[in-house]
Number of protein chains: 2
Amino acid sequence: MTDRVRGPIVWFTGRPAAGKSTLATALRPALEARWPVEILDGDEVREWLSDELGYSRADRDRNIARIARVACLLARNGVAVLVAAVSPYAAARAQARALATSQAIPFFEVFVSASPALLIQRDPKGMYRQAQVGQIPNFTGVSDPYEEPKEPELVIHTDTEPVAASAGHVVTGLRARGLI
Amino acid sequence: MTDRVRGPIVWFTGRPAAGKSTLATALRPALEARWPVEILDGDEVREWLSDELGYSRADRDRNIARIARVACLLARNGVAVLVAAVSPYAAARAQARALATSQAIPFFEVFVSASPALLIQRDPKGMYRQAQVGQIPNFTGVSDPYEEPKEPELVIHTDTEPVAASAGHVVTGLRARGLI
C-alpha cells in the first residue's frame, strides 16, 4: 500500500446550514480534473453508516470516527474525499486528522463559518426554529455545543461572499499545497 | 463517475473458521499485480463500522449492508475489494450483489465451504465449543442459521485442499472473467 498515491481529504466543518454541502458540491469539478472524487455528506452518510446512532456526544464522535475511517480507505487509494459534516467536537476532528496523517494522507480542514445569528435568521430547513422550541434535541448551535476550529487550514465566511468565491478560496488553498 | 474503471468485489461467505480470511489474504498478491487491494474482514470491520451492533438477524443484515456500501465506494474507484464475512443470510448477500451490479461493479461470490462437522472438530478459536454450551449466543452453524449460496460464482472446499490450491481456483475464476 505504501507506494500508492494518496488523495487529499478536505474536511468541511461548521454549524448546521452554514453551507458545507453546497461548498463541497461547488468544489467538486476543480478536484475532478485531477482525482476521482467522493463526497461524504454527514446527513446522507448517517442513513447507511450510522442509522442507529443519535446525537449524544458519544454517538456523534462514533459517527465522525466512522466517516474518518471510510474517508481514509478511499484517500489512501487515490480518491479525493470531500467530507461535509457538522463535526462539532474538536477532539473528534483531531482524531480524524491523526488517522489521515498516520497514513500519509493530506488533511485539509475548512471551517465553514457563518454568524450563528444569521443562521438562525436564515434557517432554510426550519431546524433552528424547531430546536429553539425543543422539537429537536441536541441541536448544534442551540442546545449542543459547536467548538470552532482553532487552526484549520482555511476559514470560509459563507455569510459574506457567494459560493463560487468560497470555492475559489479552497481551490487556491489546495493548489498552494500541491493538491490540485 | 461513469468513466472510472471499476475494481471487482470478491465476496467470501462461509461458516465461522471455514477459512475466508486466510483465503482472502492468500489471494491478495495475485490481485495486487493489477489493482490496489483492500480487505474488509468481518471481524475487524465490526470494530469500527458496527461496534454497537449485535448478532440478531437485523443487526447482521445492517452490518453486511454497511460493508457492501463501503466495498462499492472503493470498487467504483478502481479498488479490488476482498470481503471476508460470514454473511449467513442469502438475502443480504443478494442485496450486496444488487448494489454492486447497479454501479457496474463486478461481483464475484465465493462460497468457502467446509463440513460443519469438521469445523466443530477443528474449532481453532474454541468458539464452536463455547457456542455449544451456550456461552456465545447466535453463533452461526450452532444456534444461528447459515444459508448456503445456491449460485455463487465459485465454491471452494477448504477441508480437502491446501489454501494455495484454493487461492489458485479463485485466480482462475477471476481470470476467466477478465478481472485479473
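All residue numbers here refer to positions counted from 1 along the written sequence of the relevant chain. Each chain is given a letter, starting from A, and each ligand a number, starting from 1, according to the order in which they appear as written. Per-residue local features of the predicted model are confined to residues with pLDDT of at least 70, and side-chain atom pairs are confined, for both listing and counting, to 80 or more; whole-chain, interface and lining totals are unaffected and use all residues.

## Observations concerning helix α3 (residues 57-75) of chain B
For step 1, the next point in the chain: By the criteria applied, helices consist of DSSP H or I runs no shorter than four residues and strands consist of E runs no shorter than two, each listed in order from the N terminus. Each residue after the first adds 1.5 Å to the expected span of a helix. The end-to-end C-alpha separation of α3(B) is 26 Å, in line with the 27 Å expected for 19 residues at 1.5 Å each.
For step 2, the next point in the chain: All of the buried residues along α3(B) are R60(B), N63(B), I64(B), R66(B), I67(B), A68(B), V70(B), A71(B), C72(B), L73(B), L74(B) and A75(B). With C-beta atoms placed from the backbone, a residue is labelled by how many other C-beta atoms lie within 10 Å of its own: buried for 20 or more, exposed for 12 or fewer, partly exposed between the two.

## Description of the interface of chain B and chain A
For step 1, the next point in the chain: By the convention adopted here, residues make contact when the C-beta atoms placed from their backbones lie within 7 Å. In this complex, chain B contributes 14 residues to the contact, which on the side of chain A involves 14 residues.
For step 2, the next point in the chain: The set of elements that each furnish at least two residues to the side of chain B that touches chain A consists of α2 (42-49) and α3 of chain B.
For step 3, the next point in the chain: When residues of the side of chain B that touches chain A are assigned to their parent elements, the largest contribution, six residues, is made by α3(B).

## A look at the sheet that holds strand β2 (residues 37-41) of chain A
Residue and element names in this part refer to chain A.
For step 1, the next point in the chain: Here five strands make up an open sheet; going across it, the order is β2-β3-β1-β4-β5 and the pairing parallel. Edge positions in the open sheet fall to β2 and β5 (154-157), since each of these has one partner strand only. When the angles between neighbouring strand axes are averaged without regard to direction, this sheet yields 20°.
For step 2, the next point in the chain: Of the strand pairs in this sheet, β2 and strand β3 (residues 80-84) are connected by five bridges, and their pairing is parallel. By definition, two strands form a pair when at least two bridges between them are found by DSSP. Where helices are involved, their axes are fitted lines through C-alpha atoms of the stretch in contact, as for all axes, and angles between N-to-C directions lie from 0 to 180°.

## Some details on helix α1 (residues 20-32) of chain A
Residue and element names in this part refer to chain A.
For step 1, the next point in the chain: With 13 residues, α1 should reach 18 Å at 1.5 Å per residue; the first-to-last C-alpha distance of 18 Å fits that figure.
For step 2, the next point in the chain: One fitted axis covers the seven residues ending at a residue, a second covers the seven starting there, and the bend at that residue is the angle between these axes. At A26, α1 shows its maximal kink, close to 30°; a proline, P29, follows between one and four residues later.
For step 3, the next point in the chain: Residues of α1 that are buried include every one of K20, L23, A24, L27 and L31, and no others.
For step 4, the next point in the chain: Elements that come into contact with the buried residues of α1 comprise β1 (9-13), β2, β3, β4 (107-113), β5 and α7 (163-176).

## Some thoughts on unusual backbone geometry
Residues and elements named next belong to chain A.
For step 1, the next point in the chain: Not every positive phi belongs to a glycine, and S87 is a case in point at roughly 40°.
For step 2, the next point in the chain: Its location among the elements puts S87 in the loop between β3 and α4 (90-101).
For step 3, the next point in the chain: Residue classification places S87 among the buried positions, given that 27 C-beta atoms sit within 10 Å.

## A few points about the packing of helix α1 (residues 20-32) of chain B against helix α7 (residues 163-176) of chain B
Residues and elements named next belong to chain B.
For step 1, the next point in the chain: The N-to-C vectors of α1 and α7 enclose an angle of 55°; their axes lie 9 Å apart at closest approach. The pairing of α1 with α7 is recorded here as oblique in orientation. Here α1 runs over α7; the crossing is right-handed. Counting all contacts with α1, which are made through T22, L23, A26, L27 and A30, the residues of α7 involved are V163, A164, S166, A167, V170 and V171.
For step 2, the next point in the chain: Charged means Asp, Glu, Lys or Arg here, nonpolar means Ala, Val, Leu, Ile, Met, Phe, Trp, Tyr, Cys or Pro, and polar covers whatever is left, Gly included. Considering only residue class, the contact of α1 with α7 consists of nine nonpolar, two polar and no charged. Angles below 35 degrees are treated as roughly parallel, those above 145 as roughly antiparallel, those between 65 and 115 as roughly perpendicular, and all remaining angles as oblique. Helix crossings fall into two classes, left-handed where the near helix is turned counterclockwise from the far one by less than a right angle and right-handed where it is turned clockwise.

## Topic: the nonpolar core
For step 1, the next point in the chain: In this structure, A71(A), V83(A), A71(B) and V83(B) are the most contacted members of the largest nonpolar core, which totals 94 residues.
For step 2, the next point in the chain: Not counting the four nearest positions on each side in its chain, V83(A) is found in contact with I9(A), W11(A), F12(A), L40(A), I67(A) and A71(A). Put simply, a nonpolar core is a cluster of buried Ala, Val, Leu, Ile, Met, Phe, Trp, Tyr and Cys residues tied together by C-beta atoms within 7 Å.

## Thoughts on the relation of the copies chain B and chain A
For step 1, the next point in the chain: For this overlay, a least-squares fit was computed on C-alpha atoms, restricted to residues scoring pLDDT of at least 70 in both copies. Between the two copies, chain B and chain A, the superposition gives an RMSD of 0.0 Å; the rotation angle is 180° and the shift along the axis is 0.0 Å. In the structure described here, the two chain copies are related by an operation that fits a two-fold rotation axis. Taking C-alpha positions as the reference, the residue of chain B nearest the rotation axis is L74(B), at 3.1 Å.

## Observations concerning the environment of E109(B)
Residue and element names in this part refer to chain B.
For step 1, the next point in the chain: For E109, the position within the fold is in strand β4 (residues 107-113).
For step 2, the next point in the chain: Separated by 100 residues in the primary sequence, E109 and I9 have C-alpha atoms spaced 8.2 Å apart.
For step 3, the next point in the chain: With residues up to four places along the chain from it excluded, the contact list for E109 reads W11, T13, R93, R97, P149, P152 and E153.

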